[in-house]
Amino acid sequence: MTRSFTGTHMLLLMIGFFGLIIAVNVTMARLAVGTFGGEVVENSYVASQRFNGWLAAARAQDRLGWHVVPAIDGGGRLRIVATGADGVMIKGSMAVTARHPLGRLPDQHVRMLPVAEGYVADRPLPKGRWLLRIDLQSAGHDAHFEDAVRT
């Protein structure tokens, strides 16, 4: 004997189906909001007006031919080697801001000290992955680089 498919069965099937969809959507929305680190730019209109200037500055920086290579030493300190297009070490002033990718830890403003083989941080970075904003000034030129390291 077979049982008939009734309206109650259809109601339970629809409630189960849409309940699952809603539960997945709520879960995904909570995860998305909980892991968002903040805004990318304060005002997108103002950023769009400055975009061409940023491109011109990037082209000028590319013409300098400067390169930076960040690394973490055994003590957890950031070390950066900065070289020019000719491969010679660049000496100047360097400032680094280390930002946690998800914004869970506060930004770390790292003071870089010049040493014979480049620059070294005055203190170790906390454990984790860090996005670096490296600002280098030398011989009247400014350059800005972004890179990532893991301690």
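Residues numbered from 1 in each chain as written. Predicted model: local features only at pLDDT ≥ 70, side-chain atom pairs only at ≥ 80, totals over all residues. Heavy atoms only, no water.

### Some thoughts on the overall build of the chain
Selection criterion: In this text, helices come from DSSP runs of H or I with a minimum length of four residues, and strands from runs of E with a minimum of two, each type numbered from the N-terminal end. Within these notes, the globule rule equals 2.2 Å times the number of residues to the 0.38 power, and the radius of gyration is based on C-alpha atoms. Categorising residues by exposure relies on relative accessible area from a 1.4 Å probe, with only protein chains included: less than 20% of the type maximum marks a residue as buried, more than 50% marks it as exposed, and the intermediate range marks it as partly exposed. Method for areas: the Shrake-Rupley scheme with a 1.4 Å probe, in which residue coverage is limited to the protein chains shown.
Looking only at helices and strands, the chain has two helices and seven strands in total. Here the C-alpha atoms of the chain give a radius of gyration of 26 Å, more than 25% beyond the 15 Å that 2.2 N^0.38 yields for 151 residues. By principal-axis analysis of the C-alpha atoms, the chain measures approximately 90 × 40 × 25 Å. Burial statistics for the chain: of 151 residues in total, 22% are counted as buried. Working note: accessible area of the chain is about 10700 Å², and carbon and sulfur atoms make up 61% of it.

### What to know about the pairing of strand S2 (residues 78-83)
Selection criterion: Think of it this way: DSSP has to see at least two bridges between two strands before they count as a pair.
The two faces of S2 differ: Leu78, Ile80 and Ala82 on one face are buried, but Arg79, Val81 and Thr83 on the other face are not. Pairing of strand S1 (residues 67-72) with S2 involves six bridges; the strand directions are antiparallel. Bridge assignment links His67 to a residue of S2, and that residue is Thr83. Joining the antiparallel neighbours S1 and S2 is a turn of five residues, in which Gly76 adopts a positive phi near 85°. In this structure, S2 lies alongside strand S5 (residues 118-121), joined through two bridges in antiparallel fashion. Residue pairing in the sheet places Ile80 in a bridge with Tyr119 of S5.

### Remarks on the packing of aromatic side chains
Aromatic ring pairs: the centre-centre distance and the angle between the two ring planes describe each pair. For the record, the criterion: Between rings of Phe, Tyr and Trp, where Trp is taken as its six-membered ring, a pair exists when centres lie within 6.5 Å; planes separated by under 30 degrees are stacked, by over 60 edge-to-face, and by other angles tilted. As a reminder, the over-ring test applies to NZ of lysine and CZ of arginine, requiring each to be within 6 Å of the ring centre and within 35 degrees of the ring normal.
Enumeration according to the criterion identifies one aromatic pair in this entry. Between the aromatic rings of Phe17 and Phe18, the centroid separation amounts to 5.0 Å while the plane-to-plane angle is 80°, which identifies the pairing as edge-to-face. Directly above the aromatic system of Tyr119 lies the positively charged group of Lys91, at a separation of 5.8 Å from the ring centroid.

### Overview of the nonpolar core
Formally: Here, nonpolar core means buried Ala, Val, Leu, Ile, Met, Phe, Trp, Tyr and Cys residues that are tied together by side-chain atoms lying within 4.5 Å of each other. In what follows, residue pairs with any heavy atoms lying within 4.5 Å of each other are defined as contacts.
If you look at the biggest cluster of nonpolar residues, it comprises 21 residues, and the most contacted ones within it are Leu78, Met94, Val96 and Met112. Looking at which element gives the most residues to this core, the answer is strand S6 (residues 129-138), with four residues. The contacts of Met94, once residues within four sequence positions are left out, are Ile80, Ala82, Met112, Tyr119, Ile134, Asp135 and Leu136.

### Description of the layout of surface pockets
Condition: Any residue with an atom within 4 Å of a point lines the site, the site being either a cavity, points on a 1 Å grid over the protein atoms alone where a 1.4 Å probe fits but cannot get out, or a pocket, an open set with protein on both sides within 12 Å along at least 5 of 7 lines. Grid points are joined across faces, edges and corners, and a volume is the space filled by probe spheres set on the points. Residues are grouped as follows: Ala, Val, Leu, Ile, Met, Phe, Trp, Tyr, Cys and Pro are nonpolar; Asp, Glu, Lys and Arg are charged; every other residue, Gly included, is polar.
Taken as a whole, the largest pocket holds about 170 Å³ of empty space. What lines the largest pocket is Thr97, Arg99, Asp107, Leu131, Leu132, Arg133, Glu146 and Asp147. Listed by contribution, the elements that provide at least two residues to the lining of the largest pocket are strand S3 (93-99), S6 and strand S7 (141-150). It is S6 that provides the largest number of residues to the lining of the largest pocket, a total of three residues. Here the residues of the lining of the largest pocket are counted per class, giving two nonpolar, one polar and five charged.

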